[in-house]
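Residue strings, one per chain:
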Amino acid sequence: MNIIIVCYPTYGGSGVLATELGHKLAEFGHKIHFVAYKKPVRLKLIDNKVLFHKVNVPFYPLFNFQPYELALSSKIVEISENNKIDLIHVHYAIPHAYAAYMAKEMLKTKNIDLPIVTTLHGTDITLVGKHPFYRRAVKFSIQNSDVVTSVSENLKKDTMDFFNIDKEIKVIPNFIDIDRFKQKNENCNQDDKIIISHVSNFRPVKNIRILMSIIAKLKRKNLFFNLIGEGPELDLAKSFVEKNKINNIKFHGNTDKIEEILCSTDIFLLPSKKESFGLAALEAMASKCALVTSNCGGLPELNIDNQTGYLVGVNNENKYIEKITDLISDKSKLEKFKISSFKRAKLFDIDTVVPIYENIYRGLLK
Ligand code: GMT
């Protein structure tokens with residue numbers, strides 16, 4: 001099949017997932033055309049198999065906001081005119097599903113039928129999509145996609161309830177390449193200290209204030225903290241560390257050493273206010289980490305309470321501390337949770353999940 005994948009190119013989970021999906025589909029023999037405003041961070045181009053098409057948005061002073069959707073629709077049409085495309089898969093509804101719909105309508109005038117698969121990732125529904133200024137267009141583009149998928153049951157329910165959608169939404173979880181993590185786990189540097197890590201894009205939705213407050217309260221214990229990622233609240237986190245004289249911590253920024261850091265991690269801490277699935281938590285599970293996460297969104301579908309880790313009420317700071325303290329004082333429980341975590345991660349292996357998308361694509365071919 002010839003497939004267009006539209007995604008965000010930055011470090012967010014939806015872009016990472018779309019990129020890994022495209023790589024695997026290419027391995028399965030499909031030709032993938034990635035479309036974004038910049039080359040996605042993890043994208044590996046392969047001649048005639050994995051291609052990248054940049055969406056250029058020229059600056060024009062009349063516009064307060066440059067019309068990205070317009071440029072994206074035009075780009076999709078251009079690629080479809082020059083290649084025999086079978087379908088388009090957009091990741092993150094806003095504005096990708098909307099732009100894909102416009103492209104589909106334009107292509108109809110050229111007798112080209114382009115089925116649209118839209119994957120909802122989370123904040124495209126739970127934060128941005130629900131906004132009164134956007135919701136009509138978001139609902140319209142979901143209703144008019146040929147297939148809609150969601151990364152968790154919770155996100156599916158939220159979407160159906162909020163938008164009153166009468167369309168089927170298929171749940172396909174996030175996935176990881178378990179072999180990549182297995183190799184790293186074998187050559188891992190284990191430390192005597194208990195290591196706690198957090199990976200995110202440091203947006204308010206990740207509950208960075210609570211995260212920092214938990215770290216400050218645990219600073220006297222024999223622990224080390226790794227904070228990975230960059231985003232709007234990173235400076236706030238750094239100044240908090242300075243002000244509270246926290247020394248047992250390292251900020252890694254956006255690093256390509258995530259697997260290495262996670263493989264020496266014991267506990268992965270994710271106190272998100274919203275999390276439709278939690279790809280970062282799944283990567284931590286593949287690295288044999290016990291999880292201490294909030295119980296919001298799709299996290300309870302991933303982190304099984306008292307088995308792979310603990311689930312805590314979103315802002316219940318004392319409970320996070322209590323659960324972490326419980327794990328660091330009971331090494332055998334920590335070890336048991338780490339093993340269960342890794343076992344559960346295997347259920348989300350790329351070779352199990354990507355064929356589900358492939359079957360959906362096949363169903364769309366006439
Ligand atoms: O909001 C983010 O953390 C990034 C966002 C994205 O779309 O780039 O991640 C969302 O999609 C991931 C992949 O499906 C999910 O694993 C994350 O849980 C989800 N983030 C939120 O719901 C906050």
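Residues numbered from 1 in each chain as written. Predicted model: local features only at pLDDT ≥ 70, side-chain atom pairs only at ≥ 80, totals over all residues. Heavy atoms only, no water.

### Observations concerning empty space enclosed by the protein
Counted only if it meets this: Using a grid of 1 Å spacing that covers the protein atoms alone, one calls a set of points a cavity when a 1.4 Å probe fits there but cannot get out, and a pocket when the set is open and has protein on both sides within 12 Å along at least five of seven lines; lining residues are those with an atom within 4 Å of a point. Grid points are joined across faces, edges and corners, and a volume is the space filled by probe spheres set on the points. Starting at the N terminus, helices and strands are each numbered in turn, a helix being any DSSP run of H or I of at least four residues and a strand any DSSP run of E of at least two. Following the grouping adopted for this structure description, the nonpolar residues are Ala, Val, Leu, Ile, Met, Phe, Trp, Tyr, Cys and Pro, the charged ones are Asp, Glu, Lys and Arg, and the polar ones are all others, Gly among them. Where each domain begins and ends follows an automated or database-derived domain assignment.
Following the criterion strictly, the structure yields one cavity of 30 Å³ or more and no others. Taken as a whole, the largest cavity spans an internal volume of roughly 80 Å³. Contributing to the lining of the largest cavity are V16, L17, E20, R42, F175, I176, D177, R180, F181, L279, E283 and I350. Counting residues per element, the lining of the largest cavity draws most heavily on helix α1 (residues 13-27), at three residues. Taken together, the residues of the lining of the largest cavity break down into seven nonpolar, no polar and five charged. Two domains each put at least three residues into the lining of the largest cavity: domain 1 (2-175 + 350-364) and domain 2 (178-348).

### Looking at the domain arrangement of the protein
Selection rule: Throughout, buried area stands for the accessible area (probe radius 1.4 Å) lost by two parts on being put together, summed over both. Any carboxyl oxygen of Asp or Glu within 4 Å of a side-chain nitrogen of Lys or Arg constitutes a salt bridge here.
Partitioning the protein into domains gives domain 1 (2-175 + 350-364) and domain 2 (178-348). Summing the contributions of domain 1 and of domain 2, the shared interface buries around 1500 Å²; its carbon and sulfur component is 56%. Counting the contacts that link domain 1 with domain 2 gives one salt bridge. E283 is the salt-bridge partner of R42, the closest N and O atoms lying 3.7 Å from each other.

### Remarks on the pattern of salt bridges
Selection criterion: Burial here depends on accessible area, computed with a 1.4 Å probe over protein chains only, as a share of the maximum for the residue type. Under 20% is buried, over 50% is exposed, and the range in between is partly exposed.
Counted by the stated rule, this structure contains 21 salt bridges. Here E20 ties to R42 by a salt bridge, and the two come within 3.5 Å at their closest N and O atoms. One end of the pair, E20, is in helix α1; the other, R42, is in the loop between β2 (31-36) and β3 (50-54), with 22 residues separating them in the sequence. Between E168 and K170 there is a salt bridge, with the nearest N and O atoms lying 3.5 Å from each other. A relative accessible area of 29% places K170 in the partly exposed class. Three or more residues are tied together by salt bridges with common partners; here these are E20, R42 and E283.

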